[in-house]
Amino acid sequence: GGQTWSSPLRITTVPQTAVVDPDTGEPIYEFCCLFGMASGPRNRAYVAYTRVRGRHAGRVVVVGSSNGGQSWGRPRTVISLDAEALQAAVAVAGDGTVGVTWYDFRNDKAGDRALTTDYWFAYSRDGGKTWHRSHLGGPFNLRSSRRVGRPVGVYQGLAGLPHGFAATFIQARPRARHGAEDVFFARVTPPLPRGR
């Protein structure tokens, strides 16, 4: 009940690189790599985070444990991009499927007025070895956001359902209609495995 605790265990090291404007190189947010953590059936646990290496290199990464966090596997790449990625969230559905969401700038066009940003989803049924990816939200213009210092996705989340996932995420204009940023909800149901 919290009276005693195990010793801390290092899972991985995530450098806190700034998220920068792809056009100017100026920091949009001073840090990139908030992480998410989720547990699932059969004593499994997962941590998801992003790695940013400059304006034109980003990865979404998941690390898994099969023994309740006593030991952790090697980091596995969900996606590697020629663009920055930020704000990864992770959840596990009741059937053991792992889901991950994140924002990235892959569709941004250099030199235009907008910072085109999209929200993405990926799922894995083999503990993170292989991933199936799809578009979930956007495009929207991150430059139209009024947030300063706090990434637009700070209030995003992903929850596992018995089969599938529930996602909440922030989008700025033109997707936002009621303010500079609006909260959106999506229910994501991956296709059933073959034979089920």
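1. A closer look at the sheet that holds strand E5 (residues 58-65)
Step number 1: A sheet is described by the order of its strands in space; here four strands give the open sequence E3-E4-E5-E6, paired in antiparallel fashion. At either margin of the open sheet sits one strand with a lone partner, and together these are strand E3 (36-40) and strand E6 (76-81). Sheet twist, expressed as the average angle between the axes of neighbouring strands with direction ignored, equals 15°.
Step number 2: The sheet contact formed by E3 and strand E4 (residues 44-52) spans five bridges and is antiparallel. By the bridge assignment, Gly40 is partnered in E4 with Arg44.

2. Examining the confidence of the model for the protein chain
Step number 1: Predicted confidence across the protein chain gives a mean pLDDT of 89, with 92% of residues reaching 70 or more.
Step number 2: Across the protein chain, the element-wise mean pLDDT spans from 80 in strand E2 (residues 27-29) up to 97 in strand E9 (residues 116-124).

3. Notes on the pairing of E5
On a regular strand, each side chain points to the face opposite its neighbour's, so the side chains alternate between the two faces of the sheet.
Step number 1: Among the eight residues that make up E5, six are buried, leaving the element largely enclosed by the rest of the structure.
Step number 2: Hairpin connection from E4 to E5: five residues lie between these consecutive antiparallel strands, with Gly54 at a positive phi of about 90°.

4. Section: unusual backbone geometry
Step number 1: Residue Pro139 follows Gly138 across a cis peptide bond; omega there is 5°.
Step number 2: Topologically, Pro139 is positioned in strand E10 (residues 132-141).
Step number 3: In this chain, Arg173 is followed by Pro174 through a cis amide linkage whose omega measures 10°.
Step number 4: Tracing the chain through its elements places Pro174 in the loop between strand E12 (165-172) and strand E13 (181-188).
Step number 5: With a phi angle near 60°, Arg42 is a residue other than glycine that sits in the positive phi range.
Step number 6: For Arg42, the position within the fold is in the loop between E3 and E4.
Step number 7: You will see that Gln87, though not glycine, has its phi angle at about 65°, which is positive.
Step number 8: In this structure, Gln87 sits in strand E7 (residues 85-92).
Step number 9: Taking the relative accessible area as the measure of exposure, Gln87 reaches 2% and is therefore buried.

5. A short note on the sheet that holds E10
Step number 1: The antiparallel open sheet is built from four strands, whose spatial order is E7-E8-E9-E10. Looking at which strands have only one partner, the edges of the open sheet turn out to be E7 and E10. Looking at each pair of strands side by side, their axes are set apart by 15° on average, direction ignored.
Step number 2: Relative to strand E8 (residues 98-104), E7 is paired through six bridges, and the arrangement is antiparallel. By the bridge assignment, Val92 is partnered in E8 with Val98.

The rules behind each value
Residues numbered from 1 in each chain as written. Predicted model: local features only at pLDDT ≥ 70, side-chain atom pairs only at ≥ 80, totals over all residues. Heavy atoms only, no water. Pairing = 2+ DSSP bridges. Helix = DSSP H or I, 4+ residues; strand = E, 2+ residues; numbered from the N terminus. Axes fitted to C-alpha atoms, helices over the stretch in contact; angles between N-to-C directions. pLDDT = per-residue confidence, 0-100. Buried < 20%, exposed > 50% of the residue type's maximum accessible area, 1.4 Å probe, protein only.

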